[in-house]
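Residue strings, one per chain:
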Amino acid sequence: MAVRIPEPLAQACADVSEAGPGDAVAGVAPRFVARPAGVTEAAAVLAAASSLGMTAVPRGSGTRLAWGVPPAGCDLVVDTSRMNKVLEHAAGDLVVRVQAGVGLDQLAGVLAEAGQRLALDPPGAGNGSGAGTIGGVLATGAAGPLRLRYGTPRDLAIGITVVRADGTVASSGGKVVKNVAGYDLGKLFAGSYGTLGLIVEAAFRLHPRPAATSFVTLDAAGPDEARAAVAAAAGSPLAPSAVELDRPARGEPYRICVLLEGDADGVAERTARMTELLGSGSAPSRPPASPVPPAWWRGGAAAVADGTLIRVAFWAAELARVLGAIDAAAVAAGLDPAIGGSAAAGVLYAAVAEDAPAPAVARFVTDLRAEVGSGGGSLPGAPPQRGSAVVLHAPAGVRAAVDLWGPVPGLGLMRAIKDQFDPRHMMAPGRFAGGI
């Protein structure tokens with residue numbers, strides 16, 4: 001029997017339908033899906049949802065929709081797939097303004113015609129939806145290898161337009177008309193998982209596409225060797241764009257890959273110097289270089305679609321300690337996670353198989369947090385926070401056994417911001433840390 005769409009919602013948006021099984025958000029089934037075509041329609045949708053007392057969850061391509069805690073309620077999915085226009089590309093200023101539903105792959109094709117790029121390269125989630133949409137990447141804060149040189153989505157965004165829970169449109173930063181005094185919305189909404197409102201447009205700074213690339217790879221036998229290689233590459237004057245690490249299983253060597261970009265002559269010279277730096281200096285022992293990345297680049301642990309995916313953030317200088325902590329916690333729990341990520345930027349991912357017992361995964365996460373120092377740093381006199389371990393995605397059994405976010409400094413302030421932007425807690429309720 002078809003469900004009747006509430007009149008305020010039907011009047012707000014031309015494309016509203018009953019939700020189906022494929023619309024579930026981390027296992028939570030919504031009642032309706034609305035697909036607004038622009039800012040005005042998106043604002044009307046949220047205003048209507050607010051008047052009806054509905055909870056709402058934003059969705060882009062769905063690449064990372066299973067990340068985070070399942071929402072406490074989900075009456076309405078606000079799908080941004082119709083908001084897929086590149087609104088402005090000021091090539092001379094290296095700036096682009098787009099709607100939230102624009103895919104990163106789609107945008108890359110547009111910018112390539114002008115010899116430019118948005119330096120965001122988050123790994124896909126293995127579901128065929130590519131790298132995701134602009135809104136989704138901002139909402140999850142997802143970033144890949146290029147984060148070492150160019151930063152994360154919050155660093156590259158120079159302006160943002162959002163719709164608050166009551167339908168109010170607000171903007172901040174560059175390439176916008178109306179600014180909201182006192183708030184940097186781009187920083188607030190980046191990584192907020194849709195809990196503060198709906199991202200509808202964003203403006204970014206761009207960079208020229210490199211004329212040449214080179215990937216220098218080598219193996220490291222253990223954590224100390226891996227730390228030394230990563231530190232040598234990242235600390236060199238050769239300006240690597242990325243320094244990645246990958247290890248599929250314990251007992252295998254750590255694979256290190258350094259990305260160099262620029263003009264052809266410069267990249268060739270820097271590649272020769274990098275291979276000399278990371279090798280012993282003699283040709284037979286120098287690491288190999290290639291213009292194409294290894295097969296695991298932007299993949300490996302970070303691209304896991306099922307199972308448990310844990311993001312470990314830490315001070316980059318402590319790479320060896322963190323690698324040792326991951327292995328120690330894994331051995332104690334009887335697990336063998338794959339490890340990979342941006343080692344020089346202090347971000348690694350640990351991926352555990354879907355069939356791993358939930359108690360074992362929970363123990364692994366708990367022990368890992370205790371070692372990398374996910375607590376502390378938020379109280380006067382407390383030691384600085386040394387790192388964190390956040391479960392991005394996990395099967396239902398693991399989600400029930402462990403707090404996905406773990407201890408989060410500044411949680412009181414975050415709750416106050418949530419109350420300010422969404423006093424009725426209708427936007428993706430419970431998705432963020434502390435039940436926000």
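Residues numbered from 1 in each chain as written. Predicted model: local features only at pLDDT ≥ 70, side-chain atom pairs only at ≥ 80, totals over all residues. Heavy atoms only, no water.

Undergrad: Outline the overall build of the chain, listing residues and values.
TA: If you tally the helices and strands in the chain, you get 13 helices and 19 strands. Over its C-alpha trace the chain gives a radius of gyration of 22 Å, about what one expects of a compact globule, namely 22 Å for 436 residues. Projected onto its principal axes, the C-alpha positions of the chain cover 75 × 55 × 50 Å. Across the 436 residues of the chain, 53% fall into the buried class. (Helix = DSSP H or I, 4+ residues; strand = E, 2+ residues; numbered from the N terminus. Rg over C-alpha atoms; globule rule 2.2 N^0.38 Å. Buried < 20%, exposed > 50% of the residue type's maximum accessible area, 1.4 Å probe, protein only.)

Undergrad: Tell me about the nonpolar core, and please be specific about residues and values.
TA: Of all hydrophobic cores here, the largest spans 63 residues; its most connected members are Leu245, Leu348, Phe364 and Leu368. Once residues within four sequence positions are removed from consideration, Leu245 is found in contact with Ala226, Tyr254, Arg255, Ile256, Trp296, Leu319, Leu323, Ile339, Gly340, Gly341, Ala343 and Leu348. Counting residues in hydrophobic clusters, the runner-up holds 38 residues, among them Ala139, Ala170, Ala202 and Phe215. (Core = buried A, V, L, I, M, F, W, Y, C linked by side-chain atoms within 4.5 Å. Contact = heavy atoms within 4.5 Å.)

Undergrad: Quick one: what's the story with the layout of surface pockets, residue by residue and with numbers?
TA: Taken as a whole, the largest pocket encloses approximately 1000 Å³ of empty space. Taken together, 36 residues line the largest pocket, and the ones lying closest to its centre are Ala190, Gly191, Arg311, Trp405 and Phe432. When residues of the lining of the largest pocket are assigned to their parent elements, the largest contribution, 3 residues, is made by strand E19 (residues 387-393). Of the residues assigned to the lining of the largest pocket, the class counts are 22 nonpolar, 9 polar and 5 charged. Reported here for the second largest pocket is a volume of approximately 530 Å³. Lining the second largest pocket we find 23 residues, and of these Arg117, Asp121, Leu146, Arg209 and Arg298 sit closest to its centre. Counting only elements with at least two residues in the lining of the second largest pocket, the list comes to helix H3 (104-112), strand E7 (116-117), strand E12 (212-220) and strand E14 (254-262). Per element, the largest residue contribution to the lining of the second largest pocket is 5 residues, and it comes from H3. Among the residues making up the lining of the second largest pocket, the classes are represented as 15 nonpolar, 2 polar and 6 charged. (1 Å grid on protein atoms, 1.4 Å probe; cavity = no way out; pocket = protein on both sides within 12 Å on 5 of 7 lines; lining within 4 Å. Points joined across faces, edges and corners; volume = space filled by probe spheres on them. Nonpolar A, V, L, I, M, F, W, Y, C, P; charged D, E, K, R; others polar.)

Keep in mind that these numbers describe shape and distance, not what the molecule does.
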